[in-house]
Amino acid sequence: MTQELSDFIQNLFSINNIPIHAVTLPCDDFDWLDHGLRSNILGDHRLTESCNTELKKLPSFTVHYFKDVFQCNYVIMRCGEEDDFLLAGPVLYENITGIRFEALFAHLNLPERLREPLQAYYYGLPVFTDQSSLETLFTLLANYLCGEGKYEVQRTSETDLDDWYHMYNNYLQVPDQPFQGIQYIEERYRVENELLQAVAKGNENQALALASQFNTITLPQRLPDALRDMKDYTITLNTLLRKAAEQAGVHPIHIDAYSNQNVQQIEAITSPDQINQFRRKLVQGYCRMVNEYNLKDHSLPVQKIINYVNTDLTADLSLKAFASRLNINASYLSSLFKKEMGIPLTEYVNQHRIEHAQRLLLCTDLPTKSVAVQCGVSDMHYFSRLFKQIVGVTPKVFRENTSMADFYQANQAPSPASPTDHTAGEKSG
């Protein structure tokens, strides 16, 4: 590389506040690469040896994007057969301050004495929030130095350059109890797996017993804020249970509404005791969802019909519409549905529409005509006849003389987050 080209590259990256250095191996000192982080702050003086070893392994004509455990980003370019390199960085792709710093510091599990030096280190690094533009800059440079399409691009993070990290990452060690940490982890994973299996089977009693065991397991605190840490663990549990319900055959339309609702409730929790209670509620809700919406025993056409009905009662739910949508003979579909469900399709749809109408009449102040429309019945007279035929009384008499307690005693309580329960005009109180 000519001096003129080297000066141009230096000026180009300096304008963008990106540190860049041309290096030929072997190099006697690499402490400048991370601005002295490892040698001056961590007291680790192995960076020079590691860099000489690792850079030597890098293939010729390679652009290597690397992120270390500190979230510092580097770009290493080897644009020939010789041991000549361009090293750019460190740069950050985000501001690491405040809560973000605290979370990262807890994750790194560093001694408290390193908190202030590390904070000062981050304040001194350039922040380049537009990662794609930065990579475009290096792509243009690599195209010029190596030739377009004549180099390999690699991306790695947390490599051997950071094996010091494991010296600090020993939260599992229990003094005077060798391997006790391993037993904690194994027990946690055993309980988690058994819990997921119980939920997938809809076994509520077993799942709740396992949830109680899960609450007694000591989990490593990853953040300075203990409550925030417990919330994050609970959100993770929600995700695991969601996948268990999906594997059990529950359609995502039911799972997604319940899962999103759970995250909102988790964020509103204000104490650790509430966390433990909510985890039990979480497990119970997913078990009941599996029991109500598990469709694995049904054929695919019937599964789709059930999901369509549960998703939108205002749609055209006639046999003719389903036959057309599923590209199946209407007579065959009618016979298949009655064989698997025990009742004709029209009766099944009507039952769901009227059950939803009952909830709307009791839970909202919507006029009866609006209730009928939300249940997919535009003809008010037909709606009233259908309602009385199924319930035994008119919608008006039902609303005036039935309590929610009476309704839920006569009907199974709906599973969590039934899609048809998204109603407007809810009664206050």
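Just so we're clear, the structure is a prediction, and the values are computed from it rather than from any experiment. (Residues numbered from 1 in each chain as written. Predicted model: local features only at pLDDT ≥ 70, side-chain atom pairs only at ≥ 80, totals over all residues. Heavy atoms only, no water.)

**Side note on unusual backbone geometry**
Heads up, the condition is: A run of DSSP states H or I qualifies as a helix once it reaches four residues; a run of E qualifies as a strand once it reaches two. Both are numbered from the N-terminal end.
In this structure, Pro26 follows Leu25 across a cis peptide bond, with omega equal to -5 degrees. Structurally, Pro26 is set in the loop between β1 (20-24) and α2 (37-41). Cis rather than trans, the peptide bond between Gly89 and Pro90 has omega equal to 5 degrees. Positive phi, normally seen in glycine, also occurs at His35, with a value near 60 degrees.

**Thoughts on the environment of Glu192**
Stated precisely, the cut-off is as follows: Contacts are residue-level and defined by heavy atoms, with any inter-residue pair within 4.5 Å sufficient.
Looking at where Glu192 falls in the secondary structure, it is placed in helix α8 (residues 180-201). Glu192 sits 49 residues away from Leu241 along the chain, and the two C-alpha atoms are 9.7 Å apart. Beyond its immediate chain neighbours, meaning those up to four positions away, Glu192 contacts Phe214 and Leu240.

**Digging into the pairing of strand β4 (residues 84-91)**
Rules: Throughout this description, buried means an accessible area under 20% of the type-specific maximum (1.4 Å probe, protein chains only), exposed means over 50%, and partly exposed covers the range between. A pair of strands counts as paired when DSSP detects no fewer than two bridges linking them.
The element β4 is largely enclosed, with a buried count of seven among its eight residues. Here strand β3 (residues 73-78) pairs with β4 via four bridges, running antiparallel. Along β4, the bridge assignment pairs Met77 with Leu86. Counting the residues in the hairpin turn of β3 and β4 gives five residues.

**What to know about helix α1 (residues 3-15)**
Which entries qualify depends on this criterion: Here the expected length of a helix is defined as 1.5 Å per residue gap, with one fewer gap than residues. In this description, one arc is meant: the one made by directions from the helix axis to the C-beta atoms.
The end-to-end C-alpha distance of α1, which contains 13 residues, comes to 18 Å, matching closely the 18 Å that a straight helix rising 1.5 Å per residue would cover. Restricting attention to buried positions, one finds in α1 the residues Leu5, Ser6, Ile9 and Phe13. Taken down its axis, α1 places every buried residue within 100 degrees of arc, on the same side. Opposite the packed face of α1, turned more than 90 degrees from it, sit the exposed residues Gln3, Glu4, Phe8 and Ile15. Looking at the buried side of α1, the elements it contacts are β1, β4 and α6 (131-146).

**Observations regarding the packing of helix α10 (residues 226-247) against helix α12 (residues 272-293)**
Rules: Whenever a helix is involved, its axis is fitted only over the stretch in contact; in every case the axis is a line through C-alpha atoms, and angles between N-to-C directions fall within 0 to 180 degrees. Any angle that falls under 35 degrees is termed roughly parallel, while one over 145 is termed roughly antiparallel, one within 65 to 115 roughly perpendicular, and all others oblique. Just so you know the grouping, Ala, Val, Leu, Ile, Met, Phe, Trp, Tyr, Cys and Pro go in nonpolar, Asp, Glu, Lys and Arg go in charged, and all remaining residues, Gly too, go in polar.
At their nearest, the axes of α10 and α12 sit 10 Å apart, and the two run at 5 degrees to each other. When the axis of α10 is compared with that of α12, the two are roughly parallel. Here Leu227, Met230, Lys231, Tyr233, Thr234, Leu237, Asn238, Leu241, Arg242 and Ala245 of α10 come into contact with α12, specifically with Pro272, Ile275, Asn276, Phe278, Arg279, Leu282, Val283, Tyr286 and Val290. The residue inventory of the contact of α10 with α12, partitioned by class, reads 13 nonpolar, three polar and three charged.

**A look at the packing of aromatic side chains**
Within a pair of aromatic rings, the relevant descriptors are the distance that separates the centres and the angle that separates the planes. Here is the rule we go by: Pairing of aromatic side chains requires ring centres within 6.5 Å, counting the rings of Phe and Tyr and the six-membered ring of Trp. Pairs whose planes differ by under 30 degrees are stacked, by over 60 edge-to-face, and all others tilted.
For the coordinates displayed, the defined rule picks out twelve aromatic pairs. With 6.1 Å between their ring centres and 75 degrees between their planes, Phe101 and Tyr122 make a pair best called edge-to-face. You can see Phe101 sitting in helix α4 (residues 98-108) and its partner Tyr122 sitting in helix α5 (residues 115-123), a full 21 residues away along the chain. Neither residue differs from the other here; Phe101 and Tyr122 are each classed as buried. Ring geometry for Phe387 versus Phe398: centroids 5.6 Å apart, planes at 70 degrees, classification edge-to-face. Of this pair, Phe387 sits in helix α18 (residues 380-391) while Phe398 sits in helix α19 (residues 395-401), and the two are eleven residues apart along the sequence. Three or more aromatic residues joined by ring pairs form one cluster here, namely Phe101, Phe105, Tyr121 and Tyr122.

**Topic: the environment of Ala88**
Structurally, Ala88 can be placed in strand β4. Discounting residues that sit within four places of it in the chain, Ala88 has contacts with Ile18, Pro19, Ile20, Asn73, Tyr74, Val75 and Phe138.

**Here's the deal with the packing of α4 against α5**
Going by this rule: Take the far helix as the reference: if the near one is turned anticlockwise from it by less than a right angle, the crossing is left-handed, and if turned clockwise, right-handed.
It is the contact of α4 with α5, at a shortest axis distance of 12 Å, that shows an interaxial angle of 125 degrees. Between α4 and α5, the interaxial angle falls into the category oblique. Crossing of α4 against α5: the hand is right-handed. Facing α4, whose interface residues are Phe101, Glu102, Leu104, Phe105 and Leu108, α5 presents Arg115, Leu118, Gln119 and Tyr122. Of the residues belonging to the contact of α4 with α5, the class tally is six nonpolar, one polar and two charged.

**A word on the sheet that holds β3**
Pairing is mixed in the open sheet, where five strands are placed in the order β1-β4-β3-β2-β5. The sheet is open, and its two edges are formed by β1 and β5 (152-157), each paired on a single side. Strand-to-strand twist of the sheet, defined as the mean angle between neighbouring strand axes without regard to direction, takes the value 20 degrees. In terms of strand pairing, strand β2 (residues 62-67) meets β3 through six bridges, oriented antiparallel. Counted as the bridge partner of Val63 is Met77 from β3.

**Some points on the pattern of salt bridges**
Worth spelling out the cut-off: Every case where a carboxyl oxygen of Asp or Glu lies within 4 Å of a side-chain nitrogen of Lys or Arg is listed as a salt bridge.
Applying the stated criterion to the full structure yields 19 salt bridges. Lys243 is the partner of Glu246 in a salt bridge, and the nearest nitrogen-oxygen pair spans 2.7 Å. You can see Glu246 and its partner Lys243 sitting in helix α10, three residues apart, about one turn around the helix. Using a relative accessible area of 39% as the deciding quantity, one classes Lys243 as partly exposed. One salt bridge connects Arg359 with Glu355, and the closest N-O pair in it is separated by 2.8 Å. Within this pair, Arg359 and its partner Glu355 are both found in helix α16 (residues 345-363), separated by four residues, close to a single helical turn. Its relative accessible area of 26% is what places Glu355 among the partly exposed residues. Because the salt bridges share partners, they merge into one network encompassing Asp34, Arg38 and Asp68.

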